[in-house]
Amino acid sequence: MKRTQKMVTLSMLGSISFVLMLLNFPLPFLPNYLKIDFSDVPALIAAIMFSPVAGVIVEALKNVLYYILRGSGVPVGELANFAAGVAFILPVSWFYHKKKSTKGLATGLVAGTITMALGLAILNYILILPAYAWFFGMDYMLDPAVKWTTITAGILPFNIIKAMFISALFIPLFLKLKPWMTRRQQTV
(Lines give C-alpha, C1' and ligand atoms only; values in the text may rest on other atoms or scores of the structure.)
Protein backbone atom coordinates (compact mmCIF):
# COMPACT_ATOMS: atom_id res chain seq x y z
CA MET A 1 0.00 0.00 0.00
CA LYS A 2 2.78 2.45 0.80
CA ARG A 3 4.29 2.11 -2.67
CA THR A 4 0.90 2.81 -4.26
CA GLN A 5 0.42 5.89 -2.05
CA LYS A 6 3.85 7.18 -3.05
CA MET A 7 3.14 6.62 -6.75
CA VAL A 8 -0.21 8.43 -6.43
CA THR A 9 1.44 11.33 -4.58
CA LEU A 10 4.17 11.64 -7.23
CA SER A 11 1.58 11.46 -10.01
CA MET A 12 -0.48 14.21 -8.37
CA LEU A 13 2.62 16.38 -7.89
CA GLY A 14 3.61 15.76 -11.53
CA SER A 15 0.13 16.80 -12.69
CA ILE A 16 0.17 19.94 -10.53
CA SER A 17 3.63 20.71 -11.87
CA PHE A 18 2.34 20.37 -15.45
CA VAL A 19 -0.53 22.80 -14.77
CA LEU A 20 1.89 25.27 -13.18
CA MET A 21 4.09 24.97 -16.27
CA LEU A 22 1.15 26.18 -18.38
CA LEU A 23 0.80 29.28 -16.18
CA ASN A 24 3.92 31.06 -17.37
CA PHE A 25 4.88 34.63 -18.10
CA PRO A 26 7.79 36.35 -19.84
CA LEU A 27 9.91 39.02 -18.23
CA PRO A 28 9.87 42.31 -20.17
CA PHE A 29 13.65 42.71 -20.30
CA LEU A 30 14.47 39.18 -21.49
CA PRO A 31 13.70 37.31 -24.72
CA ASN A 32 10.02 36.38 -25.01
CA TYR A 33 10.72 32.64 -25.31
CA LEU A 34 12.15 32.56 -21.76
CA LYS A 35 9.13 32.30 -19.48
CA ILE A 36 8.92 32.09 -15.71
CA ASP A 37 6.72 29.40 -14.19
CA PHE A 38 6.53 27.74 -10.79
CA SER A 39 6.40 24.13 -11.99
CA ASP A 40 9.56 23.19 -10.09
CA VAL A 41 7.83 23.74 -6.73
CA PRO A 42 5.96 20.37 -6.71
CA ALA A 43 9.21 18.64 -7.74
CA LEU A 44 10.95 20.31 -4.79
CA ILE A 45 8.19 19.09 -2.50
CA ALA A 46 8.65 15.53 -3.78
CA ALA A 47 12.43 15.72 -3.52
CA ILE A 48 12.28 16.95 0.07
CA MET A 49 9.38 14.75 1.16
CA PHE A 50 10.76 11.53 -0.34
CA SER A 51 14.09 11.64 -2.16
CA PRO A 52 15.96 13.37 -4.97
CA VAL A 53 14.78 10.61 -7.33
CA ALA A 54 11.15 11.46 -6.50
CA GLY A 55 11.80 15.06 -7.52
CA VAL A 56 13.35 13.91 -10.80
CA ILE A 57 10.28 11.72 -11.44
CA VAL A 58 7.98 14.72 -10.96
CA GLU A 59 10.16 16.78 -13.34
CA ALA A 60 9.98 13.97 -15.90
CA LEU A 61 6.20 13.57 -15.56
CA LYS A 62 5.68 17.31 -15.99
CA ASN A 63 7.75 17.48 -19.16
CA VAL A 64 6.29 14.31 -20.69
CA LEU A 65 2.77 15.64 -20.10
CA TYR A 66 3.74 19.00 -21.56
CA TYR A 67 5.29 17.38 -24.62
CA ILE A 68 2.28 15.14 -25.22
CA LEU A 69 -0.27 17.94 -24.84
CA ARG A 70 1.61 21.04 -26.01
CA GLY A 71 4.85 19.92 -27.62
CA SER A 72 6.16 21.30 -30.88
CA GLY A 73 7.37 18.02 -32.39
CA VAL A 74 10.99 18.09 -31.27
CA PRO A 75 11.33 18.07 -27.46
CA VAL A 76 14.34 20.40 -27.21
CA GLY A 77 12.55 22.86 -24.91
CA GLU A 78 11.13 20.10 -22.75
CA LEU A 79 14.55 18.48 -22.39
CA ALA A 80 16.07 21.86 -21.49
CA ASN A 81 13.30 22.42 -18.92
CA PHE A 82 13.90 18.96 -17.46
CA ALA A 83 17.65 19.59 -17.21
CA ALA A 84 17.07 22.96 -15.55
CA GLY A 85 14.61 21.52 -13.05
CA VAL A 86 16.89 18.63 -12.15
CA ALA A 87 19.90 20.94 -11.85
CA PHE A 88 17.91 23.04 -9.40
CA ILE A 89 16.17 20.42 -7.25
CA LEU A 90 19.06 17.98 -6.76
CA PRO A 91 21.30 20.37 -4.77
CA VAL A 92 18.31 21.62 -2.77
CA SER A 93 17.30 18.09 -1.90
CA TRP A 94 20.84 16.98 -1.13
CA PHE A 95 21.55 19.85 1.27
CA TYR A 96 18.16 19.53 2.94
CA HIS A 97 18.45 15.78 3.49
CA LYS A 98 22.00 16.20 4.77
CA LYS A 99 21.06 18.78 7.43
CA LYS A 100 17.25 18.34 7.79
CA SER A 101 16.89 22.01 8.66
CA THR A 102 15.76 25.34 7.27
CA LYS A 103 19.44 26.32 7.05
CA GLY A 104 20.09 23.23 4.93
CA LEU A 105 17.16 24.18 2.73
CA ALA A 106 18.45 27.75 2.32
CA THR A 107 21.95 26.47 1.47
CA GLY A 108 20.41 24.08 -1.03
CA LEU A 109 18.35 26.83 -2.68
CA VAL A 110 21.49 28.93 -3.17
CA ALA A 111 23.43 25.91 -4.47
CA GLY A 112 20.52 24.97 -6.75
CA THR A 113 20.38 28.49 -8.16
CA ILE A 114 24.10 28.43 -8.96
CA THR A 115 23.97 24.89 -10.36
CA MET A 116 20.99 25.63 -12.58
CA ALA A 117 22.33 28.96 -13.83
CA LEU A 118 25.85 27.76 -14.63
CA GLY A 119 24.84 24.25 -15.70
CA LEU A 120 22.25 25.52 -18.16
CA ALA A 121 24.64 28.17 -19.48
CA ILE A 122 27.13 25.42 -20.34
CA LEU A 123 24.47 23.01 -21.59
CA ASN A 124 22.94 25.70 -23.80
CA TYR A 125 26.30 26.59 -25.31
CA ILE A 126 27.28 22.99 -26.02
CA LEU A 127 23.98 21.25 -26.75
CA ILE A 128 20.66 23.10 -26.50
CA LEU A 129 21.29 26.11 -28.76
CA PRO A 130 22.95 23.91 -31.43
CA ALA A 131 19.91 21.60 -31.21
CA TYR A 132 17.61 24.57 -31.85
CA ALA A 133 19.82 25.51 -34.81
CA TRP A 134 19.68 22.02 -36.23
CA PHE A 135 16.02 21.12 -35.60
CA PHE A 136 14.42 24.52 -36.16
CA GLY A 137 16.67 25.98 -38.87
CA MET A 138 18.10 28.66 -36.60
CA ASP A 139 21.59 28.47 -38.11
CA TYR A 140 22.63 31.76 -36.56
CA MET A 141 22.59 29.93 -33.17
CA LEU A 142 25.71 28.06 -34.28
CA ASP A 143 27.75 31.28 -34.28
CA PRO A 144 29.80 31.33 -31.02
CA ALA A 145 29.24 35.09 -30.60
CA VAL A 146 25.46 34.69 -30.92
CA LYS A 147 25.49 31.77 -28.48
CA TRP A 148 27.58 33.72 -25.98
CA THR A 149 25.32 36.79 -26.21
CA THR A 150 22.17 34.67 -25.93
CA ILE A 151 23.52 32.98 -22.82
CA THR A 152 24.97 36.01 -21.03
CA ALA A 153 22.16 38.44 -21.88
CA GLY A 154 19.23 36.00 -21.68
CA ILE A 155 19.63 32.48 -20.40
CA LEU A 156 21.97 33.09 -17.46
CA PRO A 157 20.02 36.00 -15.94
CA PHE A 158 16.73 34.21 -16.66
CA ASN A 159 17.76 31.10 -14.73
CA ILE A 160 18.99 33.16 -11.78
CA ILE A 161 15.74 35.15 -11.69
CA LYS A 162 13.61 32.00 -12.10
CA ALA A 163 15.42 30.28 -9.23
CA MET A 164 14.96 33.36 -7.05
CA PHE A 165 11.21 33.43 -7.80
CA ILE A 166 10.87 29.71 -7.06
CA SER A 167 12.90 30.05 -3.85
CA ALA A 168 10.86 33.04 -2.68
CA LEU A 169 7.66 31.05 -3.20
CA PHE A 170 8.99 27.77 -1.86
CA ILE A 171 10.40 28.92 1.50
CA PRO A 172 7.08 30.09 3.03
CA LEU A 173 5.26 27.18 1.36
CA PHE A 174 7.76 24.72 2.83
CA LEU A 175 7.38 26.21 6.31
CA LYS A 176 3.59 25.92 6.02
CA LEU A 177 3.65 22.38 4.56
CA LYS A 178 6.45 20.95 6.73
CA PRO A 179 4.09 19.27 9.26
CA TRP A 180 2.05 17.72 6.42
CA MET A 181 5.19 16.52 4.59
CA THR A 182 6.51 14.97 7.82
CA ARG A 183 3.23 13.07 8.31
CA ARG A 184 3.27 11.92 4.64
CA GLN A 185 6.85 10.68 5.00
CA GLN A 186 5.76 8.50 7.91
CA THR A 187 2.69 7.06 6.16
CA VAL A 188 4.18 6.53 2.72
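Keep in mind the model is a prediction, meaning the values are calculated, not measured. (Residues numbered from 1 in each chain as written. Predicted model: local features only at pLDDT ≥ 70, side-chain atom pairs only at ≥ 80, totals over all residues. Heavy atoms only, no water.)

Moving on to helix α2 (residues 40-49). Within α2, 10 of the 10 residues are buried, leaving the element largely enclosed by the surrounding structure. Burial in α2 covers these residues: Asp40, Val41, Pro42, Ala43, Leu44, Ile45, Ala46, Ala47, Ile48 and Met49. (Buried < 20%, exposed > 50% of the residue type's maximum accessible area, 1.4 Å probe, protein only. Helix = DSSP H or I, 4+ residues; strand = E, 2+ residues; numbered from the N terminus.)

With that settled, the discussion passes to the nonpolar core. Membership of the largest hydrophobic core comes to 31 residues, with the highest contact counts inside it found for Ile48, Phe88, Leu105 and Phe170. Elements with a contribution of two residues or more to this core: α1 (2-22), α2, α3 (52-70), α4 (76-99), α5 (102-136) and α6 (144-187). For this core, the leading source of residues is α4, giving 8 residues. Once residues lying within four places of it in the same chain are set aside, the contact partners of Phe88 are Leu44, Leu109, Gly112, Thr113, Met116, Ala163, Ile166 and Ser167. Among the nonpolar cores identified, the runner-up in size contains 12 residues, and Ile36, Leu129, Ala133 and Phe158 belong to it. (Core = buried A, V, L, I, M, F, W, Y, C linked by side-chain atoms within 4.5 Å. Contact = heavy atoms within 4.5 Å.)

So, on to the environment of Ile36. If you trace the backbone, Ile36 turns up in strand β2 (residues 35-36). Along the chain, Ile36 and Ile161 lie 125 residues apart, while their C-alpha atoms are 8.5 Å from each other. Ignoring any residue separated from it by four or fewer positions in sequence, one finds Ile36 in contact with Leu23, Asn24, Phe25, Leu27, Phe158, Ile161, Lys162 and Phe165.

This part is about the UniProt feature "transmembrane region" (unreviewed entry) in the chain. On the UniProt side, "transmembrane region" (unreviewed entry) is annotated at positions that read residues 12-31, 43-67, 79-97, 109-135 and 155-175 here. For residues 12-31, the helix share is 55%, the strand share is 10%, and the end-to-end C-alpha distance is 32 Å. The span residues 109-135 shows a helical share of 100% and a strand share of 0%, and its end C-alpha atoms are spaced 33 Å apart. (UniProt positions renumbered as here; feature names shortened; annotations may be inferred.)

For the rest of this paragraph, the subject is the pattern of salt bridges. Counted under the stated rule, the structure contains 3 salt bridges. Taking the shortest distance from any N to any O, the salt bridge between Lys162 and Asp40 comes out at 3.8 Å. Of this pair, Lys162 sits in helix α6 while Asp40 sits in helix α2, and the two are 122 residues apart along the sequence. Classification of Asp40 as buried rests on a relative accessible area of 0%. When the shortest N-O distance is used, the salt bridge between Glu59 and Lys62 registers 2.9 Å. One end of the pair is Glu59 and the other is Lys62, both in helix α3 and 3 residues apart, which spans about a single turn. On the accessibility criterion, Glu59 (0% relative accessible area) is buried. Here Lys62 falls in the buried class, since its relative accessible area comes to 0%. Through salt bridges with shared partners, a single network forms among Asp40, Glu59, Lys62 and Lys162. (Salt bridge = Lys/Arg side-chain N within 4 Å of Asp/Glu carboxyl O.)

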